[in-house]
Amino acid sequence: MLEINSLNVFYGDLQVLWDISLKVDKGETATLIGSNGAGKTTLCKTIIGALPPKTGSITFMGKRIDKLSIPDIIRLGITIVPEGRRLFGNMTVMENLELGAYASETRKKIDDALEWVFNLFPVLRERQNQLAGCMSGGEQQMLAIARGLMSKPKFLILDEPSLGLAPKIVTKVYEVIERIRDEGVTVLLVEQYAGHALENSDKGFVLENGKIVIEGPSEKLLKDERVRKAYLGEE
Amino acid sequence: MDILSFVNLIFNGLLLGGLFALTAFGLSVFAGIMRVINIAHGDFAILAAYLAFSIIDFLKIDPFLSLLIVAPIMFVIGYLFQKFTINRVLPMGANQPVLVTFALSIVIQNLLLLLFTADARSLITPYLLTNIELFGLNPSPRYAAGFISALIVFAAIFIFFKKTYLGKAMRAVPFDSEAAKMIGIKSDVVYNYAAGLAMLVVAIAGVLLGITFTFYPDTGPVYVLLSFGVVVMGGLGSLKGSLVGGFIMGEALVLGGFFFGSRFQLMFCYLVILIILYIKPQGLFGGRV
């Protein structure tokens, strides 16, 4: 579904991503693991079209997307839930959701999209008139994911969905991700602490200093000694 | 002076305050969304007044009717002005856009001087000079027109921000432009429309000011100062704040005139602003878009 081939990305003269190649198939859940500054968010930004790659290609469902604009890529079916949630705290839950459909075709059938999202997140239906900034961290993460789903994406990128959340809430977030996957959405999880993500995904990629250093099926990565030491918090 | 004349004064202060609020809305929208103080704000209002003046002169129509032509023209001017000047300098920091508007202020003033000479102009029509009596009060018809227009414009902008996608995008972008970008909102396009909207509102304010006061090519700076006072007092970026700020300004002006004489009434206005900012540095409704 998404195929990245020898991608090189620069910030000015500084190269941040080196020769990245990865492939995520339809219906799969993949995890991108990496520590702070490894280039995870840069890769996300490149996929969504916020950062043009210097060389290499990104193909989505057989179509080159690496020169398209963000709204065009969203209309093709890729959506990102950015790191740190980035909700519009000055606006209501409903308004945040509506803006999630801003660039997409679902804007014309907004009620369908809302119904779908409210069924996945019943709590948001009750809270629709509340200000997004007044909700708890867990609820905000749910809203951020829901806002991402409003464009009815085929491919959803979640940048650090567990960041800053209590372990109990993280479990809840991953239950939701499981359900989204059951809805037929292909998911790319991007995480620093990889335990939950790998347990809930089919395969994983480890990004270090802008290069993919390990890749393979999730159960294999969970057993990998380097992964266990660096990203699962084991000594 | 009897009590009724005093109530009359307060009432007209309120109406005048509506006109001041209307004058400030365009600056408020511009500052709230683009985070740029438009120094040329007053000059745009006077430009709109001259446009209306020419149209009224040419078509012999009512000043309010002239808005049907002036407002769309000003929308387009705002859109293009944002697209070709402000958007280009926005990435360079906070000062450059303000400098550009400052330059534009001078250009507009000189252009108007060239086209219309330095003579005083007005958009007044006879029916706005009649005396109205309402519950024993004598509201100025011109102030009342400004007041009613202010309420209509306020409601219209409010509904636009609340109910339309574009309006919501205009609230989202200044809150977090990076997040807006990630959900596919192009902030430069949103800015173009926001500047168009601001100038459309400025057009309405310009015509209402033209009806109420005489104007010259160099009157603009008076109104940008007044609007700036209103916007800062109400809180930068808050439309509600600008409405309330306008009312306070109107009252301060008439009461200042009443108690201290017309020589000191403007000084009294700015003294009121200073006191309010001393108590609430972020303005009355500051910190919200």
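Just so it is clear, the model here is predicted, and its values are computed rather than measured.

Moving on, we get to a nonpolar patch on the surface. Residues and elements named next belong to chain B. Together, F58, L59, L65, L68, I69 and I73 make up an exposed nonpolar region whose accessible area comes to about 610 Å². With four residues, the single largest contributor to the nonpolar patch is helix α3 (residues 63-89). Looking at the element boundaries, L59 is found in helix α2 (residues 41-59). Here L59 falls in the partly exposed class, since its relative accessible area comes to 44%.

Once that is clear, we can look at the packing of aromatic side chains. Evaluated as defined, the whole model comprises 17 aromatic pairs over all chains. Here the aromatic rings of B:Y50 and B:F215 are separated by 5.0 Å at their centres, their planes lie at 90°, and the arrangement is edge-to-face. In this pair, B:Y50 is assigned in helix α2 and B:F215 in the loop between α8 (187-212) and α9 (220-234), connecting sequence segments 165 residues apart. For B:F215, a relative accessible area of 2% corresponds to the buried category. An aromatic cluster is defined as three or more aromatic residues linked by ring pairs; in this entry it consists of B:F6, B:F258, B:F259, B:F260 and B:F268. Over the ring of A:F10 we find A:K54, and its NZ or CZ is 4.5 Å from the ring centre. A:R107 extends its terminal NZ or CZ atom over the ring of B:Y165, reaching a point 4.2 Å from the ring centre.

Moving on, we come to the confidence of the model for chain A. Atomic detail in the predicted coordinates should be set aside for any region of low pLDDT. This prediction gives chain A a mean pLDDT of 91; 99% of its residues lie at or above 70. Helix α10 (residues 225-231) of chain A is the least confidently modelled element of chain A, averaging 81 in pLDDT, while helix α3 (residues 93-100) of chain A averages 96, the highest of any element.

Another point: empty space enclosed by the protein. Throughout the structure, instances matching the rule amount to one cavity of 30 Å³ or more. Here the largest cavity is characterised by a volume of approximately 40 Å³. Considering the residues around the largest cavity, the lining is formed by A:I74, A:T79, A:G100, A:R147, A:G148, A:S151 and B:I183.

Moving on, we come to the side chain of A:E191. All names here are of chain A. Along the polypeptide, E191 turns up in strand β8 (residues 186-191). One buried charge, E191, has no salt-bridge partner; the nearest side chain with opposite charge is K40, at 7.9 Å. One polar contact links E191 to Y174, side chain to side chain, over a distance of 2.8 Å. In this structure, E191 is in contact with L32, I33, G34, K40, E160, P161, S162, Y174 and A197, ignoring residues within four places of it in sequence.

A few words now on the packing of α3(A) against helix α6 (residues 165-175) of chain B. At a minimum axis separation of 10 Å, α3(A) and α6(B) run at an interaxial angle of 105°. With respect to their mutual orientation, α3(A) and α6(B) come out roughly perpendicular. Across from A:E95, A:E98 and A:L99 in α3(A), the residues of α6(B) making contact are B:Y165, B:K168, B:A169, B:R171 and B:A172. Of the residues that constitute the contact of α3(A) with α6(B), the class distribution is four nonpolar, no polar and four charged.

At the interface, 22 residues of chain A touch 20 residues of chain B. Both sides of the chain A and chain B interface together cover about 2100 Å² of buried area, and 65% of this is carbon and sulfur. At the boundary of chain A with chain B, the tally comes to five salt bridges. A salt bridge links A:E95 to B:R171, with the nearest nitrogen and oxygen atoms 3.0 Å apart. Where chain A meets chain B, there are four residue pairs in polar contact (both at pLDDT 80 or more). For the side of chain A that touches chain B, the secondary structure elements donating two or more residues are α1 (40-48), α2 (70-76) and α3 of chain A. Split into classes, the residues belonging to the side of chain A that touches chain B amount to 13 nonpolar, three polar and six charged.

Over its 19 residues, α2(B) runs 27 Å from end to end, which matches the ideal 27 Å to within 8%, given 1.5 Å per residue. Positive phi appears at B:K60, one or two residues downstream of α2(B), with a value of about 55°.

Residues and elements named next belong to chain B. Compared with an ideal rise of 1.5 Å per residue, which puts 22 residues at 32 Å, helix α4 (residues 95-116) spans 32 Å between its outermost C-alpha atoms and is within 8% of the ideal. Those residues of α4 that sit buried are P97, T101, S105, I108, Q109, L112 and F116. Viewed along the axis of α4, the buried residues span an arc of 120°, placing them on a single side of the element. Exposed positions of α4 whose direction lies more than 90 degrees from the buried face are N95, L99 and L114.

The side chains of a regular strand alternate between the sheet's two faces. Residues and elements named next belong to chain A. When you tally the buried positions in strand β7 (residues 155-159), you get five out of five residues, the bulk of the element. Residues F155, I157 and D159 line one face of β7 and the alternating positions L156 and L158 line the opposite face, and both faces are buried. Pairing of strand β6 (residues 78-81) with β7, which is carried by four bridges, proceeds in the parallel orientation. When the bridges of β7 are listed, I78 appears paired with F155. As paired strands, β7 and β8 are joined by five bridges and run parallel to one another. Among the inter-strand pairings, D159 is bridged to a residue of β8, identified as V190. The β-α-β motif built from β7, the intervening helix α7 (residues 167-182) and the parallel element β8 has right-handed crossover chirality.

Bringing the pairing of strand β3 (residues 29-34) of chain A into the picture now. All names here are of chain A. Most of β3 is tucked away, with six of its six residues classed as buried. In β3, alternate side chains face the same way, and those of T29, T31 and I33 on one face and A30, L32 and G34 on the other are all buried. Looking at chain direction, β3 and β8 are connected through five bridges and run parallel. Paired with T31 across the strands is L189, a residue of β8.

A full pass over the atoms with the stated rule returns 17 salt bridges over all chains. Close ionic contact of A:R86 with B:D176 constitutes a salt bridge, the shortest N to O distance being 2.7 Å. Highlighted residues: A:R86 in the loop between β6 and α3 and B:D176 in the loop between α6 and α7 (177-182), drawn from two different chains. On the basis of relative accessibility, which here comes to 14%, the residue B:D176 falls in the buried class. Residues joined by salt bridges that share partners form a network here, namely A:R64, A:D66 and A:K67.

Rules and cut-offs
Residues numbered from 1 in each chain as written. Chains lettered and ligands numbered in written order. Predicted model: local features only at pLDDT ≥ 70, side-chain atom pairs only at ≥ 80, totals over all residues. Heavy atoms only, no water. Patch = residues over 30% accessible without salt bridge, like charges linked within 9 Å, V, L, I, M, F, W, Y side chains within 5 Å. Areas by Shrake-Rupley, 256 points an atom, 1.4 Å probe, with all protein chains shown as cover. Salt bridge = Lys/Arg side-chain N within 4 Å of Asp/Glu carboxyl O. Helix = DSSP H or I, 4+ residues; strand = E, 2+ residues; numbered from the N terminus. Buried < 20%, exposed > 50% of the residue type's maximum accessible area, 1.4 Å probe, protein only. Phe/Tyr/Trp six-rings, centres within 6.5 Å; stacked < 30°, edge-to-face > 60°. Lys NZ or Arg CZ within 6 Å of the ring centre and 35° of its normal. pLDDT = per-residue confidence, 0-100. 1 Å grid on protein atoms, 1.4 Å probe; cavity = no way out; pocket = protein on both sides within 12 Å on 5 of 7 lines; lining within 4 Å. Points joined across faces, edges and corners; volume = space filled by probe spheres on them. Lys, Arg positive; Asp, Glu negative; His and termini not counted. Polar contact = N/O pair within 3.5 Å; in protein donor to acceptor, adjacent residues only side chain to side chain. Contact = heavy atoms within 4.5 Å. Axes fitted to C-alpha atoms, helices over the stretch in contact; angles between N-to-C directions. Parallel < 35°, antiparallel > 145°, perpendicular 65-115°, else oblique. Nonpolar A, V, L, I, M, F, W, Y, C, P; charged D, E, K, R; others polar. Buried area = accessible area lost by both parts, 1.4 Å probe. Expected span 1.5 Å × (residues − 1). Arc of directions from axis to C-beta. Pairing = 2+ DSSP bridges. Right-handed = clockwise from strand over helix to strand, strands pointing away.

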